[in-house]
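Each chain is listed here by its residues.
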Amino acid sequence: MFEDIKDNIYKIPNQYKNEFRRYKFKQNNLRILLISIFLLFEQLYYAIFISNPGSLLEKIFYVTASIMLIFAVSSMILYYHKPSEINFFHLIYEKGIGVMGVTIAVIRVVVISGQSARLTTIYIAVIYGLAVIFYYSYLESLFIYIYGIILLYFISVVYNPSLLESTVITDAVSNNVIAWIASIVIYRKFKNEFINQKTIEEKNKKLKEISDEDRLTGIYNRRKLEEILKENYNNSLRYNNKFSIILLDLDHFKNVNDNYGHQIGDKVLQEVSSLLLEKIRKVDYCGRWGGEEFLIILPETDLASAVKLAKRLRSEIGNYEFTKVQNITSSFGVSTYSSNKDIKEIIKAADEALYKAKDNGRNRVETIENNI
């Protein structure tokens, strides 16, 4: 059994362990908040209206209410200031409500009720309440339930030895075992739901990456580039800021495929993609527009700066030694946002500039704007 428990404790993948601890603590803290507020008013009600003034029961109710007030305040603070890391204090606090609940229940069973044949309702409610309300790991809940049995036994020895001759202890053991099994089932379900959710999120993330990436080069595909273009265009409309695009095409790329084969051609496209990613800014976007054409989106960049980058990229590509092909050249068309252009017109301007570069001898940067 304990090997199975150990296996389940470490079933959470390493990359999710810290996140799971925070999530588990968040869920338990919310329950501590609700339970402590409820018990605070309940215990005050019993202390004021039910118990006899000056009695031991009244004192226990007031002490319990005070403890619940501490838990309520602590849980509110932790609710609004969520810890980034779960430390030893948080672990003690998380289990403290369970230990406190069992302690109070045992005192009421032994010291106050002195029942000789049965457990009181409060004890039953506490041990099963802990199982179904809170998410305690197998060992955490086992510790709390063993603590409850040991405390019940020793307090009975001191305050009410007659309970040892009744079925109270055996009933407590039986009910604690059942409550622990219920706690295991609920915690396991909670943990598996978390793992399944993270698995789904990871799959969705990978699917998103696949849908955004060009399969050959690993950079953005045309669909993703169109999405980014739309975002930048809308931002420019709203805030009147600049963005520019660079459209580049590898010169005479058909000759590469014809002379060296498509495998070498694919390798060249991959090397160009890596080179472009290395030379642009982290805030820029680079993707494969189609075939041997690449598109670079430059947020917060005017036309002059975009042309300057395009010239630098032209030089980098021209001086790079590609696999087998050695050297290739590229032609560039640059355009920028203006309030009288829509997205299609911005792309068309870059495309026309690219054809202008081709017509003017290739291996050059062109723009159709008049101010450059």
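The following paragraphs examine the structure supplied in this document. Along each chain, numbering runs from 1 in the same order as the chain's sequence is written. pLDDT decides what is reported in this predicted model: residues at 70 or higher carry local features, side-chain atom pairs at 80 or more are listed and counted, and totals for whole chains, interfaces and linings draw on all residues regardless. Each side-chain value is worked out from all heavy atoms of the structure, with water and hydrogens disregarded.

**Regarding the overall build of the chain**
Within the chain one finds twelve helices and five strands. Against the globule reference of 21 Å for 372 residues, the chain gives a C-alpha radius of gyration of 35 Å, more extended than a compact globule. The C-alpha extent of the chain, read off along each of the three principal axes, is 105 × 45 × 25 Å. Burial classification: accessible surface area is computed with a 1.4 Å probe over protein chains only, and a residue below 20% of its type maximum counts as buried, one above 50% as exposed, and the rest as partly exposed. Buried positions account for 45% of the 372 residues belonging to the chain. Put simply, DSSP marks the helices as runs of H or I at least four residues long and the strands as runs of E at least two long, and each gets a number from the N terminus on. Restricting the calculation to C-alpha atoms gives the radius of gyration, and the globule rule supplies 2.2 Å times the number of residues raised to the power 0.38.

**A look at the nonpolar core**
Note on terminology: a nonpolar core comprises buried Ala, Val, Leu, Ile, Met, Phe, Trp, Tyr and Cys residues joined through side-chain atoms within 4.5 Å. Formed by 36 residues in total, the largest nonpolar core has its most connected members in Val106, Tyr123, Leu130 and Leu152. Where this core is concerned, the elements lending two or more residues are α2 (17-50), α3 (56-80), α4 (88-113), α5 (121-133), α6 (138-159) and α7 (168-212). Between two residues, a contact is recorded if the distance between any of their heavy atoms is within 4.5 Å. Beyond its immediate stretch of four places on either side in the chain, Tyr123 contacts Ala105, Val106, Val109, Gly148, Ile149, Ala172 and Asn176. In this structure, Ile219, Val256, Phe294 and Ile317 belong to the second largest nonpolar core, which totals 30 residues.

**Things to note about the pairing of strand β3 (residues 293-299)**
Burial within β3 is extensive, with seven of its seven residues counted as buried. Going residue by residue along β3, you find Glu293, Leu295, Ile297 and Pro299 tucked away on one face and Phe294, Ile296 and Leu298 tucked away on the opposite face as well. Sheet analysis places strand β1 (residues 243-250) next to β3, joined by seven bridges and oriented antiparallel. By the bridge assignment, Leu247 is partnered in β3 with Leu295. Strand pairing follows a simple DSSP-based rule, namely that at least 2 bridges must link the two strands. Bridging between strand β2 (residues 285-290) and β3 involves five bridges; their strand directions are antiparallel. For Gly290, the partnering residue across the bridge sits in β3 and is Glu293. The loop that links β2 with its antiparallel partner β3 comprises two residues; one of these, Gly291, has a positive phi angle of about 60°.

**Observations regarding the packing of aromatic side chains**
Paired rings are identified among Phe, Tyr and Trp, the last through its six-membered ring, by centres lying within 6.5 Å, and are further divided according to the angle between planes into stacked (under 30 degrees), edge-to-face (over 60) and tilted (the rest). According to the stated counting rule, one finds 20 aromatic pairs in the structure shown. Aromatic pair Tyr135 and Phe190: ring centres 3.9 Å apart, planes at 10°, arrangement stacked. Of this pair, Tyr135 sits in the loop between α5 and α6 while Phe190 is found in helix α7, placing the two residues 55 residues apart along the sequence. Classification of Phe190 by relative accessible area gives buried; the value is 5%. Among the aromatic residues, those joined into a cluster by ring pairs are Phe20, Tyr23, Tyr135, Tyr138, Tyr187, Phe190 and Phe194. The ring of Tyr79 has Lys82 lying over it, and the distance from NZ or CZ to the ring centre is 4.8 Å. The positively charged end of Arg222 is found above the aromatic ring belonging to Trp289, 3.9 Å away from the centroid. For a ring to carry a charge above it, either NZ of a lysine or CZ of an arginine must fall within 6 Å of the ring centroid while also lying within 35 degrees of the normal to the ring plane.

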